[in-house]
Amino acid sequence: MTTTPGTPEVLRPHAEQAYADELTALRDHDAGSGRARPPSWQLSPAAVTTYLLGGELPDGTVITPKYVGARRLVEIAVASLATDRALLLLGVPGTAKTWVGEHLAAAISGTSTLVVQGTAGTAEEALRYGWNYARLLAEGPSEAALVPSPVMRAMRTGALVRIEELTRIPADVQDALISILSEKTLPVPELDTEVQARPGFNVVATANNRDKGVNDLSSALKRRFNTVVLPCPTAWSRRWRSCAAGSRRWGGRSTCRPTPAARTAHRARSSAWSPSSASCGRARPSTAARA
């Protein structure tokens, strides 16, 4: 884990802080190999895939795996974001949806902190914008009184925004995303203006349909996402992630790297997964380019 002198220690640094050395090594490798990057991306799509799945660079730098699973799932997720399609990570609780989304944002945009946490009480302002009511009353509608949401900030800077637990957000609030994803604009009628997304803007959302209190997505909103279903982790992959997290917490590099045989066994188990399975471990990782 990379630490900055004078920075107070925190319990859980953001992905772009904890893996800063690996991200820097991948950027340098991209620059040296001449790989093309989509607009505003910090890494090439191939480097983002390597960052998530792990590997070794030509200079000997070891990239630790962040996600232990089928390579094609990660490749489809990265390809979706590279083609300006929003990404929906779907799966039952405990399938590393938030973890994968955080690392995708860290590798692509260099920041994973633009987040909307979906709950039953999430209001439309969390997806669009709000107002500083003290300034609004004193000055009237103005740019200074406007409080941008993480989505608006991501549009202005050309970054990825994460929306956690999208299906917990009320359906009428969810639909505020439709025009943002289709037209890449966010109107602000009070100021007679709009925010147009800069290149690199995209949305990574997570959702599950197992828990109570879930609101189904409308057909119009589903069509604006590429959906990747993450399978339930095997017991081995859970042990590996726990070991790796503990190693990083105490300042060392993980010694829990999976062996080739263990990777093969994990992927073989994942091939038996299906989204409709009633229990973890019996499901086939499936994707739907368009719902």
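Note that the structure is predicted; figures quoted are calculated from it, not measured.

Here we look at the overall build of the protein chain
Scanning the protein chain for helices and strands turns up 12 helices and 12 strands. Residues classed as buried in the protein chain amount to 47% of the 291 residues present. In the protein chain, the proportion of contacts linking residues at least 24 apart, taken out of those at least 6 apart, comes to 70%. Of the roughly 13900 Å² that the protein chain leaves accessible, carbon and sulfur atoms contribute 53%.

Overview of unusual backbone geometry
At Lys-184, a residue that is not glycine, the phi angle is positive and equals roughly 55 degrees. Backbone geometry places Asp-192, a non-glycine residue, at a positive phi of 55 degrees. By the element assignment, Asp-192 lies in the loop between strand E8 (185–188) and strand E9 (193–196).

Topic: the packing of aromatic side chains
Using the criterion set out here, one finds 2 aromatic pairs in the structure. Between Tyr-129 and Trp-131 the ring centres are 5.9 Å apart and the planes differ by 85 degrees, which places this aromatic pair in the edge-to-face class. Neither Tyr-129 nor Trp-131 differs from the other in exposure class; each is buried. The ring of Tyr-19 has Lys-66 sitting right over it, with the charged end atom 4.8 Å from the ring centre. In this arrangement the basic side chain of Lys-66 is found over the ring face of Tyr-51, its NZ or CZ atom lying 4.1 Å from the centre.

Re the pairing of strand E3 (residues 86–90)
Regular strands show a simple pattern: their side chains alternate between the two faces of the sheet. Most of E3 is tucked away, with 4 of its 5 residues classed as buried. Pairing analysis gives 5 bridges linking E3 to strand E11 (residues 225–229), with the strands arranged parallel. Bridged to Leu-87 within E11 is Asn-226.

A closer look at the packing of helix H3 (residues 45–53) against helix H5 (residues 97–109)
Close contact between H3 and H5 brings their axes to 10 Å; oriented N to C, the two are set at 140 degrees. Judged by the inter-axis angle, H3 sits oblique to H5. H3 and H5 meet at a crossing whose hand is right-handed. Every residue of H5 that contacts H3 at Val-48, Tyr-51 and Leu-52 is listed here: Val-100, His-103, Leu-104, Ala-107 and Ile-108. Class assignment of the residues belonging to the contact of H3 with H5 gives a composition of 7 nonpolar, 1 polar and no charged.

Side note on the environment of Thr-49
Structurally, Thr-49 is set in helix H3. For the pair Thr-49 and Arg-72, spaced 23 residues apart in sequence, the C-alpha separation works out to 9.7 Å. When near neighbours in sequence (up to four residues on either side) are disregarded, Thr-49 contacts Gly-54, Arg-71, Val-74, Glu-75 and Val-78.

Re the packing of helix H2 (residues 20–33) against H3
It is at 10 Å that the axes of H2 and H3 come closest, and there the two elements cross at 150 degrees. Put simply, H2 runs roughly antiparallel to H3. Crossing handedness for the pair H2 and H3: right-handed. Contact with H2, carried on its side by Glu-22, Leu-23, Leu-26 and Asp-30, involves Ala-47, Thr-50 and Tyr-51 of H3 and no other residues of that element. A class-by-class count of the residues in the contact of H2 with H3 yields 4 nonpolar, 1 polar and 2 charged.

Remarks on the nonpolar core
In terms of nonpolar packing, the biggest core is built from 35 residues, with Val-48, Tyr-51, Tyr-67, Leu-81, Leu-87, Val-100 and Leu-104 touching the most fellow members. When residues of this core are traced back to their parent elements, those giving at least two are helix H1 (15–18), H2, H3, helix H4 (71–82), E3 and H5. Among the elements that take part in this core, H5 stands out by supplying 6 residues, more than any other. Setting aside chain neighbours within four positions, we find Val-100 in contact with Leu-52, Tyr-67, Leu-89 and Leu-230.

Structural notes on the side chain of Glu-102
Examined against the element boundaries, Glu-102 turns out to sit in helix H5. By relative accessible area, which is 4% here, Glu-102 ends up buried. Among residues more than four places away in sequence, those in contact with Glu-102 are Arg-12, His-14, Ala-15, Ser-112 and Arg-162.

Overview of the confidence of the model for the protein chain
If pLDDT is low for a region, its predicted coordinates should not be looked at in detail. Across the protein chain, the average pLDDT comes to 84, with 77% of residues at or above 70. In the model, residues 269–279 has pLDDT below 50 throughout and makes 33 contacts with residues more than four positions away in sequence or in other chains.

Observations regarding H4
With 12 residues, H4 extends 17 Å from end C-alpha to end C-alpha; this agrees with the ideal 16 Å at 1.5 Å per step. Within the sequence span of H4, burial applies to Leu-73, Val-74, Ala-77, Val-78, Ser-80 and Leu-81. Projected down its long axis, H4 shows its buried positions confined to an angular sector of 155 degrees, all on one face. Backbone geometry just downstream of H4 places Asp-84 in the positive-phi region, at approximately 70 degrees.

The rules we used
Residues numbered from 1 in each chain as written. Predicted model: local features only at pLDDT ≥ 70, side-chain atom pairs only at ≥ 80, totals over all residues. Heavy atoms only, no water. Helix = DSSP H or I, 4+ residues; strand = E, 2+ residues; numbered from the N terminus. Buried < 20%, exposed > 50% of the residue type's maximum accessible area, 1.4 Å probe, protein only. Contact = heavy atoms within 4.5 Å. Areas by Shrake-Rupley, 256 points an atom, 1.4 Å probe, with all protein chains shown as cover. Phe/Tyr/Trp six-rings, centres within 6.5 Å; stacked < 30°, edge-to-face > 60°. Lys NZ or Arg CZ within 6 Å of the ring centre and 35° of its normal. Pairing = 2+ DSSP bridges. Axes fitted to C-alpha atoms, helices over the stretch in contact; angles between N-to-C directions. Parallel < 35°, antiparallel > 145°, perpendicular 65-115°, else oblique. Left-handed = near helix turned anticlockwise from the far one by under 90°. Nonpolar A, V, L, I, M, F, W, Y, C, P; charged D, E, K, R; others polar. Core = buried A, V, L, I, M, F, W, Y, C linked by side-chain atoms within 4.5 Å. pLDDT = per-residue confidence, 0-100. Expected span 1.5 Å × (residues − 1). Arc of directions from axis to C-beta.

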